[in-house]
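Now for the letters of each chain:
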Amino acid sequence: MSRAALREHLIRRRLAGPDVPTPRQKNLRSYRLFGQGDPAALMGLDPERRWGAGAVLELMAERCGVRPEFGYGSGPDTIDPERTLDALDRLADLVRRTARSRGTVLAGTGHPTQLTAFHTSLARALEAAGCTLRTPARGARFREPTPDGNRACTLDYVGPVAVVRSLDGGPAKAGRISSGTLLHTHSAQPVRLALAALAQAGEPLPDLVLGDHGWLCGAGRLGVPAGGLADSNDPAPFVGEAEGTVSVVVPVDDGAYQECYKPLSDYVLQRADLAPYKD
């Protein structure tokens with residue numbers, strides 16, 4: 001796919017452009033929570049300096065292309081597709097370097113129903129290029145704090161991509177999550193568990209972590225190169241990138257259907273000189 005065609009796809013699917021699905025008020029709330037040090041907003045990141053809401057907005061306007069006026073408080077917000085495309089080019093460079101060195105790769109997602117296929121495509125293409133995929137800590141159990149209390153979870157894998165499943169029982173109705181459900185999470189606990197399991201087994205840390213949310217921030221905080229996607233209401237990965245903790249962050253809406261991201265993974269693999277992998 002050409003850059004121009006992908007730009008059109010990003011706008012048509014509202015992955016980027018002048019009217020992405022994440023409203024302005026949600027973005028500003030996330031920026032305030034990050035500035036206040038809210039653990040869910042930090043996603044495992046330990047910022048080098050204090051980031052107030054205004055500084056976060058300024059950074060997100062620079063990195064994502066959201067509207068820079070603090071007085072604009074509600075309505076649609078933007079992600080600049082040119083910034084998305086530039087970041088995809090940088091991610092392709094990171095993937096290319098990993099492929100050439102035949103490095104080890106760990107992939108994980110906090111958006112299992114949206115982004116698993118994107119990470120799978122990159123991971124499988126790297127494997128085909130001679131890289132080794134790691135799947136440590138499968139079945140590890142942990143408790144994750146939420147506004148409704150701690151929830152029991154387990155680390156699992158869908159193909160080569162780590163995901164989090166619920167261990168809480170009960171029917172999936174009336175707002176309850178049934179046991180085995182794939183969970184949306186901002187937590188860095190999964191990547192910490194995975195990296196700790198590698199260390200305990202005497203294995204080196206991976207050369208690359210592909211991911212989003214806490215997978216990017218948690219890996220970057222531990223010094224592991226990390227690249228992936230992040231939405232305009234998730235400032236932590238972009239702060240990590242700005243501070244040199246996270247290697248590459250691609251600004252894009254992260255709540256679309258999985259098939260919407262296939263042109264993005266194809267584009268990255270083409271730019272990385274890797275044939276698009278088809279599972």
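Just so you know, these numbers come straight off a predicted model, no measurement behind them.

## Some words on the overall build of the chain
Reasoning step 1: The helix and strand tally for the chain stands at ten helices and ten strands.
Reasoning step 2: Here the C-alpha radius of gyration of the chain, 18 Å, is about what a compact globule of 279 residues would show, namely 19 Å.
Reasoning step 3: Principal-axis analysis of the C-alpha atoms places the extent of the chain at approximately 50 × 45 × 40 Å.
Reasoning step 4: For the chain, the proportion of contacts with a sequence separation of at least 24, taken over those separated by at least 6, is 64%.
Reasoning step 5: Of the accessible surface of the chain, which amounts to about 11800 Å², a share of 49% is contributed by carbon and sulfur atoms.
Reasoning step 6: One finds the centroid of the 33 positive side-chain charges in the chain at a distance of 3 Å from the centroid of its 32 negative side-chain charges.

## Concerning the pattern of salt bridges
Reasoning step 1: The tally for this structure, following the rule as stated, stands at 22 salt bridges.
Reasoning step 2: Between Glu-69 and Arg-67 there is a salt bridge, with its nearest N and O atoms 2.9 Å apart.
Reasoning step 3: The class of Glu-69 is partly exposed, set by a relative accessible area of 35%.
Reasoning step 4: With relative accessibility at 31%, the residue Arg-67 sits in the partly exposed group.

## Details of the packing of helix 7 (residues 189–200) against helix 8 (residues 213–221)
Reasoning step 1: Their axes nearest at 8 Å, the elements helix 7 and helix 8 cross at an angle of 45°. By the angle class used here, helix 7 and helix 8 are oblique. Helix 7 and helix 8 meet at a crossing whose hand is right-handed. Across the interface between the two elements, Pro-190, Val-191, Arg-192, Ala-194 and Leu-195 of helix 7 pack against Gly-214, Trp-215, Gly-218, Ala-219 and Arg-221 of helix 8.

## Here we look at the side chain of Ser-30
Reasoning step 1: Considering the arrangement of structural elements, one finds Ser-30 in helix 2 (residues 24–35).
Reasoning step 2: Since its relative accessible area comes to 12%, Ser-30 is described here as buried.
Reasoning step 3: Setting aside its immediate chain neighbours within four residues, Ser-30 contacts Ala-41, Asn-233 and Pro-235.

## Observations concerning the nonpolar core
Reasoning step 1: Residues Leu-15, Leu-91, Leu-126, Leu-210, Tyr-261, Leu-264 and Leu-274 are the most contacted members of the largest nonpolar core, which totals 40 residues.
Reasoning step 2: Of all the secondary structure elements, the ones that give two or more residues to this core are helix 1 (3–12), helix 5 (81–101), strand 3 (104–108), helix 6 (116–128), strand 8 (208–211), strand 10 (248–251) and helix 10 (262–271).
Reasoning step 3: A total of eight residues in this core trace back to one element, the largest contributor, which is helix 5.
Reasoning step 4: Of all hydrophobic cores here, the second largest spans 38 residues; its members include Val-66, Leu-198, Val-209 and Cys-217.

## A closer look at the confidence of the model for the chain
Reasoning step 1: Overall, the prediction assigns the chain a mean pLDDT of 93, with 95% of residues at 70 or greater.
Reasoning step 2: Scored below 50 in pLDDT, residues 170–174 makes seven contacts in the model with residues more than four places away or belonging to other chains.

## Let's talk about the side chain of Ser-232
Reasoning step 1: Turning to its location among the elements, Ser-232 is positioned in the loop between strand 9 (226–230) and helix 9 (235–242).
Reasoning step 2: Separated by 3.3 Å, the side chains of Ser-232 and Asn-27 make a polar contact.
Reasoning step 3: Those residues in contact with Ser-232, other than ones at most four positions away along the chain, are Thr-22, Asn-27, Tyr-31, Met-60, Cys-64, Val-66 and Ile-79.

## Some details on the state of the cysteines
Reasoning step 1: All chains considered together, the criterion is met by zero disulfides.
Reasoning step 2: Note on Cys-217: no disulfide assigned, nearest cysteine sulfur contributed by Cys-64 at a separation of 13 Å.

## Some points on the packing of aromatic side chains
Reasoning step 1: The tally for this structure, following the rule as stated, stands at zero aromatic pairs.
Reasoning step 2: Positioned above the aromatic ring of Trp-51, the side-chain terminus of Arg-49 is 3.8 Å from the ring centre.
Reasoning step 3: Taking NZ or CZ as reference, Arg-67 lies 3.7 Å from the ring centre of Tyr-72, over its face.

## Quick look at the pairing of strand 8
Reasoning step 1: Side chains Leu-208 and Leu-210 project from strand 8 onto one buried face, and the interleaved Val-209 and Gly-211 project onto a second face that is buried too.
Reasoning step 2: Pairing analysis gives three bridges linking strand 8 to strand 9, with the strands arranged parallel. Among the inter-strand pairings, Leu-210 is bridged to a residue of strand 9, identified as Gly-227.

## Brief notes about the environment of Gln-200
Reasoning step 1: Along the chain, the position of Gln-200 falls in helix 7.
Reasoning step 2: As for Gln-200 and Val-95, which are separated by 105 residues in sequence, their C-alpha atoms are 27 Å apart.

## A word on the packing of helix 6 against helix 10
Reasoning step 1: The interhelical angle for the contact between helix 6 and helix 10, taken along N-to-C directions, is 25°, at an axis separation of 9 Å. As summarised for this structure, helix 6 and helix 10 are arranged roughly parallel, according to the angle between their axes. Judged by the sense of rotation from one axis to the other, the crossing of helix 6 with helix 10 is right-handed. Along the contact surface, helix 6 presents Phe-118, Ser-121, Leu-122 and Ala-125, while helix 10 presents Leu-264, Ser-265, Val-268 and Leu-269.
Reasoning step 2: Broken down by class, the residue content of the contact of helix 6 with helix 10 amounts to six nonpolar, two polar and no charged.

About the cut-offs
- Residues numbered from 1 in each chain as written.
- Predicted model: local features only at pLDDT ≥ 70, side-chain atom pairs only at ≥ 80, totals over all residues.
- Heavy atoms only, no water.
- Helix = DSSP H or I, 4+ residues; strand = E, 2+ residues; numbered from the N terminus.
- Rg over C-alpha atoms; globule rule 2.2 N^0.38 Å.
- Contact = heavy atoms within 4.5 Å.
- Areas by Shrake-Rupley, 256 points an atom, 1.4 Å probe, with all protein chains shown as cover.
- Lys, Arg positive; Asp, Glu negative; His and termini not counted.
- Charge placed at Lys NZ, Arg CZ, Asp CG, Glu CD.
- Salt bridge = Lys/Arg side-chain N within 4 Å of Asp/Glu carboxyl O.
- Buried < 20%, exposed > 50% of the residue type's maximum accessible area, 1.4 Å probe, protein only.
- Axes fitted to C-alpha atoms, helices over the stretch in contact; angles between N-to-C directions.
- Parallel < 35°, antiparallel > 145°, perpendicular 65-115°, else oblique.
- Left-handed = near helix turned anticlockwise from the far one by under 90°.
- Core = buried A, V, L, I, M, F, W, Y, C linked by side-chain atoms within 4.5 Å.
- pLDDT = per-residue confidence, 0-100.
- Polar contact = N/O pair within 3.5 Å; in protein donor to acceptor, adjacent residues only side chain to side chain.
- Disulfide = S-S within 2.5 Å.
- Phe/Tyr/Trp six-rings, centres within 6.5 Å; stacked < 30°, edge-to-face > 60°.
- Lys NZ or Arg CZ within 6 Å of the ring centre and 35° of its normal.
- Pairing = 2+ DSSP bridges.
- Nonpolar A, V, L, I, M, F, W, Y, C, P; charged D, E, K, R; others polar.

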